[in-house]
Amino acid sequence: MTLSLRTIVPAAVLVLLGLVPVIAGAIDEPFYIDLFSRMLILAIGASSLNLLLGYGGMVSFGHAVYLGIGAYVVGIFSFHSVEDGIEWMASGYVQIPAALIASAVFGLIIGAISLRTRGVYFIMITLAFAQMVYFLGVGIEYYGADDGLTLYGRSEFGDWLDLNESSTLYYVCFVALLLTLFVSYKLINSRFGIAIRSIKSNERRTRAIGIPSYRYRLTCFVIAATICGFAGALLANRTDFVSPDMMHWTRSGDLIIMVVLGGMGTLFGPLLGTVGFLLVEEILSSYTEYWQLFFGPLLILIVIFGKGGIDGLIQALANLVERKPKAAAQSRDGA
Amino acid sequence: MLEVKGMQKRFGGIVATDNVHIDVVKGEIHAIIGPNGAGKTTLINQLSGEMKSDTGTVLFDGSDITRESASSRSLLGLARSFQITSIFQDFTAEDNVALAVQAHDGHSFRFWKPARSDARLRQPARTALEKVGLAERADIVASNLSHGEQRQLEIAMALATQPKMLLLDEPMAGMGTLESGRMVDTLKSLKGDITILLIEHDMDAVFALADRITVLVYGRAIATGSPDEIRANEDVRQAYLGDDHA
Ligand SMILES: Nc1ncnc2c1ncn2[C@@H]1O[C@H](COP(=O)(O)OP(=O)(O)OP(=O)(O)O)[C@@H](O)[C@H]1O
Ligand SMILES: [Mg+2]
């Protein structure tokens, strides 16, 4: 990885994100910690979707469902820990693995069926599954139905890690994001990652060469679901609340927009996309309640003119500055 | 090496493969010729496992592979190339070949070690590129290679899977004389080591390379024999070659 604008910008963004609690404390605006922790969590979700969308060519239109599943596991465990007095269910050491396992299992079932299809059918079937789980959440009165479930308490990790401390929770999310980026980086450059990318590039050829594509696509699907479930568990802790709304199809659409906005199939694209998405949302919505009216066209402009999203724009800028021919800079993918 | 029995494939009203029997002997170059639409590509698709046959069995290297998938046939040593160039356009030439090496170096459920600096993959990839004369073009992104080079790359990818047999669908398609000549040389250098089923329209290449030829017309194999026998065959001349070829 050479030191280019494409790595400097995301690095700078990460450093700034790392300083948020410090800055928020200095200017006495604790509200910012809340805003930006949501950004970190959604960036994890978007990064996991990018494994499917950007590297695997799988347009999953139901990815927010894993946010919901991860969150609900935390919510439900917290509920029983108090209602039924089952103490161990309040433990983060139990909740987090359970959230990961639940989202992996859902990912396995949904993926195993969805990946039999291609193209528009795949988009529709992943959406359909997500809606099913959404309505399941709406339907279960016991867990609050569409009113959702308020957490009795955040995941407990013992004295050394108190998530009720908002800056602690923030840094947990921050480390989780760094971890997600690191794992993604290793994954997409491993043999597995190369196989996944080759399937996206030319599936027919990949099979002819001796790679049974289905099982690699499915594994990728399960990994993405699991990472997103982790983000969901963090989201429940951040919000102290879970509801079916977390997995509404528009949330899945938001995740897709974040990935495309930042740059599909690039390591830092989803992070940049999430930061861009949430900042624009925040700024526009402070001026007008019809902010989405302006947000839509803005997105279209970026996607049309900045091919490759924000990452593509940075790349174009770098080329302009260094006056490098495009082809030379393009061969450097995967980072 | 490859024994095809009673192979059939229909597309609606069209019989693309009509009760075909072919027996490819180990080590030979067996050419299949026939007019456009004769069903040559369909036959390759069936043999490579990409397309299900209606009926028929395929024996490869002594075992029945009729029910095997495309990827497992490849793993058993049956490699193919495509009539319309099928490569990974956004990968470099070497990455294309390295992927083929990877596919045959155990499973790809390896999630951590960087693949693109793995000597186990790069070394054999280089060797395969050298075999087809693309060593100097290793770092070029495939979409920037010339048409002829892309065709050579297809062969290198097939070779990198260390096949016992190659199914080649018109490897010279769209090539100039110079490029075709190089391809003939490449295939000649493989002769004996790897059994080859060669589909080709370029008759000069076919007669230069083939040990035996099967003629396919309307999905039916109407004749099989040595190049001389095929040249002399009346049915073939009428159906396909035309008198000026004799
Ligand atoms: N997937 C398909 N669906 C329907 N018909 C098909 C399909 N593939 C091939 N055919 C038909 O089957 C027949 C044989 O086609 P095929 O491509 O195998 O011929 P070919 O001998 O390879 O021709 P060419 O020399 O032009 O490459 C043609 O009539 C073609 O239209
Ligand atoms: Mg053909």
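Residues numbered from 1 in each chain as written. Chains lettered and ligands numbered in written order. Predicted model: local features only at pLDDT ≥ 70, side-chain atom pairs only at ≥ 80, totals over all residues. Heavy atoms only, no water.

### Digging into the overall build of chain A
1) Next: A tally of regular secondary structure across chain A gives 14 helices and two strands.
2) Next: The C-alpha radius of gyration computed for chain A amounts to 20 Å, which stays within 12% of the reference 20 Å derived for 335 residues, consistent with globular compactness.
3) Next: Taken over the C-alpha atoms alone, chain A extends approximately 65 × 55 × 40 Å along its principal axes.
4) Next: Residues counted as buried form 56% of the 335 residues belonging to chain A.
5) Next: A fraction of 76% describes how many contacts in chain A between residues 6 or more apart in sequence connect residues 24 or more apart.
6) Next: When the 21 basic and 23 acidic side-chain charges of chain A are each reduced to a single mean position, those positions are 26 Å apart. (Helix = DSSP H or I, 4+ residues; strand = E, 2+ residues; numbered from the N terminus. Rg over C-alpha atoms; globule rule 2.2 N^0.38 Å. Buried < 20%, exposed > 50% of the residue type's maximum accessible area, 1.4 Å probe, protein only. Contact = heavy atoms within 4.5 Å. Lys, Arg positive; Asp, Glu negative; His and termini not counted. Charge placed at Lys NZ, Arg CZ, Asp CG, Glu CD.)

### Section: the coordination of the magnesium ion (ligand 2)
Expected angles at a metal are 109.5 degrees for tetrahedral coordination by four donors and either 90 or 180 degrees for octahedral coordination by six donors.
Residues and elements named next belong to chain B.
1) Next: Coordination sphere of the magnesium ion (ligand 2), protein contribution only: Thr41 (OG1) and Gln83 (OE1), at 1.9 to 2.1 Å. Of this pair, Thr41 sits in helix α1 (residues 40-47) while Gln83 is found in the loop between β6 (78-80) and α3 (93-103), placing the two residues 42 residues apart along the sequence.
2) Next: According to the relative accessible area criterion, Thr41 is partly exposed, its value standing at 26%. (Donors = N, O, S within 2.8 Å, 3.2 Å for Na, K, Ca; no water.)

### Concerning the interface of chain A and chain B
1) Next: At the junction of the two partners, chain A supplies 29 residues and chain B supplies 39 residues.
2) Next: Taken over both partners, the interface formed by chain A and chain B buries close to 2,800 Å², and the fraction arising from carbon and sulfur atoms is 60%.
3) Next: In terms of surface lost to chain B, no three residues of chain A exceed A:Arg191, A:Arg205 and A:Ile209, which account for 31% of the buried area on that side.
4) Next: Applying the counting criterion to the chain A and chain B interface returns four salt bridges.
5) Next: Between B:Asp105 and A:Arg191 there is a salt bridge, with its nearest N and O atoms 2.9 Å apart.
6) Next: Across the chain A-chain B interface, the total number found is 20 residue pairs in polar contact (both at pLDDT 80 or more). (Buried area = accessible area lost by both parts, 1.4 Å probe. Salt bridge = Lys/Arg side-chain N within 4 Å of Asp/Glu carboxyl O. Polar contact = N/O pair within 3.5 Å; in protein donor to acceptor, adjacent residues only side chain to side chain.)

### With respect to the site of ligand 1
Residue and element names in this part refer to chain B.
1) Next: If you check the shell around ligand 1, you find 13 residues, and the closest are Asn36, Gly37, Lys40, Thr41 and Thr42.
2) Next: At 2.7 Å from an oxygen atom of ligand 1 is found a side-chain nitrogen or oxygen belonging to Thr41.
3) Next: Expressed as a share of its isolated accessible area of 630 Å², the protein-covered part of ligand 1 is 63%.
4) Next: Elements that contribute at least two residues to the shell around ligand 1 include exactly β2 (14-24) and α1.
5) Next: Broken down by element, the residue count for the shell around ligand 1 peaks at three residues, all from α1.
6) Next: When grouped by side-chain class, the residues that make up the shell around ligand 1 number four nonpolar, seven polar and two charged. (Near = heavy atom within 4 Å. Areas by Shrake-Rupley, 256 points an atom, 1.4 Å probe, with all protein chains shown as cover. Nonpolar A, V, L, I, M, F, W, Y, C, P; charged D, E, K, R; others polar.)

### Description of the sheet that holds strand β1 (residues 2-11) of chain B
Residue and element names in this part refer to chain B.
1) Next: One open sheet holds the four strands; their spatial order is β2-β1-β4-β5, and the pairing between them is antiparallel. Of all strands in the sheet, those with a lone pairing partner are β2 and β5 (63-64), marking the two edges.
2) Next: Two elements, β1 and β2, share seven bridges in a ladder whose sense is antiparallel. Within β2, the residue paired with Glu3 across the bridge is Asp23.
3) Next: This element, α1, spans β1, β2 and β4 (55-60) of the sheet and lies at about 120° to β1. (Pairing = 2+ DSSP bridges. Axes fitted to C-alpha atoms, helices over the stretch in contact; angles between N-to-C directions.)

### A look at the packing of aromatic side chains
All names here are of chain A.
1) Next: Under the definition given, this model contains 22 aromatic pairs over all chains.
2) Next: A centroid spacing of 6.4 Å and a plane angle of 85° characterise the contact between Tyr66 and Phe221, whose relative ring orientation is edge-to-face. Within this pair, whereas Tyr66 is found in helix α3 (residues 64-83), its partner Phe221 is found in helix α9 (residues 213-239), the two being separated by 155 residues in sequence.
3) Next: Judged by its relative accessible area of 1%, Phe221 falls in the buried class. (Phe/Tyr/Trp six-rings, centres within 6.5 Å; stacked < 30°, edge-to-face > 60°.)

### Quick notes on the sheet that holds strand β9 (residues 212-217) of chain B
Residues and elements named next belong to chain B.
1) Next: Strand order in the open sheet formed by six strands is β6-β7-β8-β3-β9-β10, with mixed pairing between adjacent strands. Of all the strands in the sheet, the pair left with one neighbour each is β6 and β10 (220-225). Looking at each pair of strands side by side, their axes are set apart by 20° on average, direction ignored.
2) Next: Set on the sheet, helix α5 (residues 147-160) makes contact with β6 and β7 (165-169); between it and β7 the angle comes to about 160°.

### Overview of the state of the cysteines
All names here are of chain A.
1) Next: With the rule as written, the count across this model stands at zero disulfides over all chains.
2) Next: The thiol sulfur of Cys173 is not disulfide-bonded, and the nearest other cysteine sulfur, from Cys228, lies at 14 Å.
3) Next: No disulfide involves Cys220; its sulfur sits 13 Å from that of Cys228, the nearest cysteine. (Disulfide = S-S within 2.5 Å.)

### Digging into the packing of helix α6 (residues 166-189) of chain A against α9(A)
All names here are of chain A.
1) Next: The contact between α6 and α9 brings their axes to 11 Å, and the two run at 170°. Considering their axes alone, α6 and α9 lie roughly antiparallel with respect to each other. Here Leu169, Val172, Cys173, Ala176, Thr180 and Leu187 of α6 come into contact with α9, specifically with Ile223, Ile227, Phe230, Leu234, Asn237 and Arg238.
2) Next: Of the residues belonging to the contact of α6 with α9, the class tally is nine nonpolar, two polar and one charged. (Parallel < 35°, antiparallel > 145°, perpendicular 65-115°, else oblique.)

### What to know about a nonpolar patch on the surface
Residues and elements named next belong to chain A.
1) Next: A surface patch of nonpolar side chains, about 820 Å² in accessible area, is lined by Val15, Leu16, Leu19, Val22, Ile23, Ile27, Phe31, Tyr32 and Tyr171.
2) Next: Those elements that place two or more of their residues in the nonpolar patch are α1 (5-26) and α2 (31-55).
3) Next: Secondary-structure assignment places Ile23 in helix α1. (Patch = residues over 30% accessible without salt bridge, like charges linked within 9 Å, V, L, I, M, F, W, Y side chains within 5 Å.)

### Concerning α1(A)
All names here are of chain A.
1) Next: If you check α1, its first and last C-alpha atoms are 29 Å apart, about what 22 residues at 1.5 Å a residue would give, namely 32 Å.
2) Next: Along its length, α1 shows its largest kink, about 50°, at Val20, and proline Pro21 lies within four residues downstream of that point.
3) Next: Lining the buried residues of α1 we find α2, α6, α11 (269-287) and α13 (309-322).
4) Next: Following α1 by one or two positions, Asp28 adopts a phi angle in the positive range, close to 60°. (Expected span 1.5 Å × (residues − 1). Bend = angle between axes of the 7 residues up to and from the residue.)

### Quick notes on the pattern of salt bridges
Residue and element names in this part refer to chain B.
1) Next: Under the defined criterion, the tally for this structure stands at 24 salt bridges over all chains.
2) Next: A salt bridge links Glu94 to Arg122; the shortest N-O distance between them is 2.9 Å. Of this pair, Glu94 sits in helix α3 while Arg122 is found in helix α4 (residues 119-131), placing the two residues 28 residues apart along the sequence. The pair formed by Glu94 and Arg122 is uniform in burial state, with each residue classed as buried.

### Structural notes on the confidence of the model for chain B
1) Next: With 97% of its residues at a pLDDT of at least 70, chain B reaches an overall mean of 92.
2) Next: The complex model carries a pTM of 0.92, and its ipTM stands at 0.91. (pLDDT = per-residue confidence, 0-100.)

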